[in-house]
Amino acid sequence: MSLAPVSAQGEKASWKQRLKAFFVERLGLEAVQSLAAKKTVPLHRCTPFYFLGGMALFLFLVQIVSGILLALYYKPSPDQAFESVRAIMTEVEFGWLIRSAHSWSANLLIGILFLHLLTTYMMRAYRRPREITWITGVLLLALFMAFGFSGYLLPWNQLAFFATRVGTAIVGVVPGIGHSLLLLARGGEEVTGDTLARFYAIHVVVLPLVTFVVLGIHLYLVQKHGMSIPERELARYGGPERVPSMPFVPHFLLRDIVGWYLALALLAALAALFPWELGEKADPFGAAPEGIKPEWYFLFMYQTLKLLPPYIAGFEGEVLGVLFFGLCGLVVLVVPFLDRGPRSRAVLNGLAAVAVAFFVVMTAWAFFPNPEQKVACIMLGTLLSFVSLTLLVPFADQRTPAYRLLIGLLGLLGLIFVGAAVWELIA
Amino acid sequence: MDTDPGSSSRRRWLLHSLQASFAATVAAICYPVLRFLRPRPATVSGAMEVVAPFRVNQLPNAPGNPFNFGGKPCLVVLTPEGEKRLARGERLQPGDIRAFNAICTHMDCTVHYRPDHGDIFCSCHNGVYDLNGHNVSGPPPRPLETYKVTLRGSPGQEEIVVSRTS
């Protein structure tokens, strides 16, 4: 990547080299070039986890592009919102594809972010000096969940309307400031056209601005501190300088692009084979449709709130539930400061395992709530557990009891999944 | 890269297929996006004939003039001769009432009739047309598009039917 000045090359420099030299000189790209040349990625068992951040970034770009395209036809008013989305799906060329890509990539993005959070936690990549990288990452997850929630209302269909009513009512049970928050979120006592306008402004203006700032800090810190290497790998190789590494440009970048292609392929397949449904137009005075539930990443909270009794020890059940989830979010946010040694780490790991198990069970249960769907529920549960446990494989040393236990558990989950699938096929 | 990518033909082939794959991806993404940007089929009526929402006796300053004619503003003008004939209670002659596409040929503003000047005027850049729709001063490069006018009904109370010839 040598960049000789034009004068040294004389007439021999091709137009491409001259163009490159023109921009390098004027934009001060030497700094970027030297940064790119110096940046390396450590190679060890957990290296595949480094792809998740890049995939999330790619899906975020898909969100931006498809979101801007949708905004060209979308009309944020209760009289026109549903009709404009229907027009996008039926009249605008490839509108169904752009909308489906927007919805599916949003869901994939949240899924990838969950995995990114989990693997980052397992690698303990939040260790000093990367605490703020972790905090901005958790904030980004919260921001993208807010994107999901605010975007859900925009098509103004039955599901969206009631999900927003319930979601904002949950905010309303926060003790003390709940009602004020509810009024702020809804722009009134009820979900109306004002709510739609608010959610639209939040979805396309407020959240993107905040996200750009937080994401900017997050990416800057990742560049500043470099990739974190798990302690176990450091010990295995005997120091950070002895861990093998790979230049980021072009070696790791090309591999990153393979990750993006995987995400793109999955997204294209999902959007083309399963176009996002539109449903029926919202009827503010009609009854809530049967089987109504939120997006999958809110299901664990939804299922919990459904199961809680009206009163627990004199307190309202839903108040306790909402406070509990708020506390959980806070704990996740400050994990770097709670991890103060082997004992606190053991407690945190135990809590994390319980949290993942809780998430898996509640999501599978809420997804297939009917007793006759028990087999499907088991299949989803085993699949999610399998994915979560697979993430642990790089952390266990081969030929140890922990490794054998892990492999045994994965095998058992696989067997249950296959058994359930066969059962479902026969029945 | 320690070796020049162009040095071996196999490497060059790989590089070219990689570039071709990127180009194919970009094309596969851009094609639906460009098609998405194409305007939807028009939702306005493509009517070839419309009855003006006013009658001749309400001219020259009739409410609702210009009116919507197939998605474009249509300006109906009563000439001074026609105005005199109407005042005398005589039957209007062909050409006493004229209709134009009211979009200025300069920069797409909407023009209006100035009875005191006897011309059609565009306020955006002071474009002036005469009552035949010809551009007479200011920046407009072409005359206004003219429409055919037919009157029907009792004299002095006629309905104005505007139609496109093609």
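Residues numbered from 1 in each chain as written. Chains lettered and ligands numbered in written order. Predicted model: local features only at pLDDT ≥ 70, side-chain atom pairs only at ≥ 80, totals over all residues. Heavy atoms only, no water.

Participant: Just checking my understanding: could you explain the overall build of chain B for this structure?
Facilitator: Each helix and strand in chain B was counted, giving two helices and ten strands. Taken from N to C terminus, the helices and strands of chain B fall in the order α-β-β-β-α-β-β-β-β-β-β-β. Computed over C-alpha atoms, the radius of gyration of chain B comes to 28 Å, more than 25% over the 15 Å expected from 2.2 N^0.38 for 166 residues, which places it beyond the range of a compact globule. Overall, chain B is about 95 × 35 × 25 Å in size when its C-alpha atoms are taken along their principal axes. For chain B, restricting intrachain contacts to residue pairs at least 6 apart in sequence, the fraction spanning at least 24 positions comes to 46%. Put simply, chain B shows about 10,000 Å² of open surface, and 54% of that area lies on carbon and sulfur atoms. Across chain B, 18 positive and 14 negative side-chain charges occur, with their mean positions spaced 10 Å apart. (Helix = DSSP H or I, 4+ residues; strand = E, 2+ residues; numbered from the N terminus. Rg over C-alpha atoms; globule rule 2.2 N^0.38 Å. Contact = heavy atoms within 4.5 Å. Areas by Shrake-Rupley, 256 points an atom, 1.4 Å probe, with all protein chains shown as cover. Lys, Arg positive; Asp, Glu negative; His and termini not counted. Charge placed at Lys NZ, Arg CZ, Asp CG, Glu CD.)

Participant: Help me understand the confidence of the model for chain A, please; the structure alone is not making it clear to me.
Facilitator: As a general rule, the predicted coordinates of low-pLDDT regions are not to be interpreted in detail. Per-residue confidence for chain A gives a mean pLDDT of 90, with 97% of residues at or over 70. Under a pLDDT of 50 for its full length, residues 1-9 of chain A has, in the predicted model, eight contacts with residues more than four places off or in other chains. (pLDDT = per-residue confidence, 0-100.)

Participant: Would you explain the sheet that holds strand S6 (residues 119-122) of chain B in this entry?
Facilitator: Hydrogen bonds along the backbone pair up the strands of a sheet, which may run parallel or antiparallel. All names here are of chain B. Taken together, the four strands give an open sheet; going across it, the order is S5-S6-S7-S8, and neighbouring strands pair in antiparallel fashion. Looking at the sheet topology across the chains shown, the edges are occupied by strand S5 (112-114) and strand S8 (135-137). Adjacent strand axes in the sheet meet at a mean angle of 40° when their direction is disregarded. Here strand S7 (residues 127-129) runs beside S8; their pairing, made up of two bridges, is antiparallel. From the neighbouring strand, tyrosine 129 faces S8, where its bridge partner is asparagine 135. (Pairing = 2+ DSSP bridges. Axes fitted to C-alpha atoms, helices over the stretch in contact; angles between N-to-C directions.)

Participant: Please explain the side chain of histidine 203 of chain A as it appears in this structure.
Facilitator: Structurally, the position occupied by histidine 203 of chain A is in helix H10 (residues 193-225). Discounting residues that sit within four places of it in the chain, histidine 203 of chain A has contacts with His102, Phe147, Ser150, Gly151, Leu154 and Pro208 of chain A.

Participant: I keep staring at the interface of chain B and chain A and nothing clicks. Help me out?
Facilitator: How big an interface is tends to be stated in terms of accessible area lost as the parts join. On the side of chain A, 19 residues touch chain B, which itself brings 16 residues to the contact. Across the interface of chain B and chain A, roughly 1,500 Å² is buried in total on both sides, 70% from carbon and sulfur atoms. Here chain B is connected to chain A by three salt bridges. For the side of chain B that touches chain A, a count of residues per class yields eleven nonpolar, two polar and three charged. (Buried area = accessible area lost by both parts, 1.4 Å probe. Salt bridge = Lys/Arg side-chain N within 4 Å of Asp/Glu carboxyl O. Nonpolar A, V, L, I, M, F, W, Y, C, P; charged D, E, K, R; others polar.)

Participant: Any chance you could explain the packing of aromatic side chains here in plain terms?
Facilitator: Between two aromatic rings, the relevant description is the distance of the centres plus the angle of the planes. Using the criterion set out here, one finds 29 aromatic pairs over all chains in the structure. Between tyrosine 73 of chain A and phenylalanine 36 of chain B, the aromatic rings sit 5.0 Å apart at their centres with planes inclined by 90°, giving edge-to-face as the arrangement. With tyrosine 73 of chain A in the loop between helix H4 (51-71) and helix H5 (81-90) and phenylalanine 36 of chain B in helix H1 (residues 9-37), this residue pair bridges two chains. On the accessibility criterion, tyrosine 73 of chain A (12% relative accessible area) is buried. The interplanar angle of 55° and the centroid separation of 5.8 Å between the aromatic rings of phenylalanine 149 of chain A and phenylalanine 199 of chain A together place this pair among those described as tilted. Here phenylalanine 149 of chain A is found in helix H7 (residues 131-153), whereas its partner phenylalanine 199 of chain A is found in helix H10, with 50 residues between them in sequence. (Phe/Tyr/Trp six-rings, centres within 6.5 Å; stacked < 30°, edge-to-face > 60°. Buried < 20%, exposed > 50% of the residue type's maximum accessible area, 1.4 Å probe, protein only.)

Participant: What am I meant to see in the environment of asparagine 349 of chain A here?
Facilitator: Looking at the element boundaries, asparagine 349 of chain A is found in helix H16 (residues 342-367). In the structure, asparagine 349 of chain A is positioned 227 residues away from methionine 122 of chain A in sequence and 8.6 Å away in space, judged by C-alpha atoms.

Participant: Please explain the sheet that holds strand S2 (residues 67-69) of chain B as it appears in this structure.
Facilitator: Residue and element names in this part refer to chain B. One open sheet accounts for six strands, arranged S1-S10-S9-S4-S3-S2; its pairing is antiparallel. Each edge of the open sheet carries a strand with a single partner, namely strand S1 (49-55) and S2. With direction set aside, neighbouring strand axes in the sheet form an average angle of 35°.

Participant: Explain the domain arrangement of chain B to me, please; I cannot follow it from the model alone.
Facilitator: According to the domain assignment, chain B consists of domain 1 (1-38) and domain 2 (49-163). A separation of 58 Å is found between the C-alpha centroids of domain 1 of chain B and domain 2 of chain B. (Domains from an automatic or database assignment.)

Participant: Would you explain the state of the cysteines in this entry?
Facilitator: In protein structure, a disulfide is the covalent linkage between the sulfur atoms of two cysteines. Residue and element names in this part refer to chain B. As enumerated under the stated definition, the model contains one disulfide over all chains in all. Residue pairing for cysteine 109: its cysteine sulfur links by disulfide to cysteine 124, the two sulfurs lying 1.9 Å apart. The S-S bond linking cysteine 109 to cysteine 124 shows a torsion near -90°; that makes this disulfide left-handed. Linking cysteine 109 in the loop between strand S4 (97-101) and S5 with cysteine 124 in the loop between S6 and S7, this pair joins segments that are 15 residues apart in sequence. (Disulfide = S-S within 2.5 Å.)

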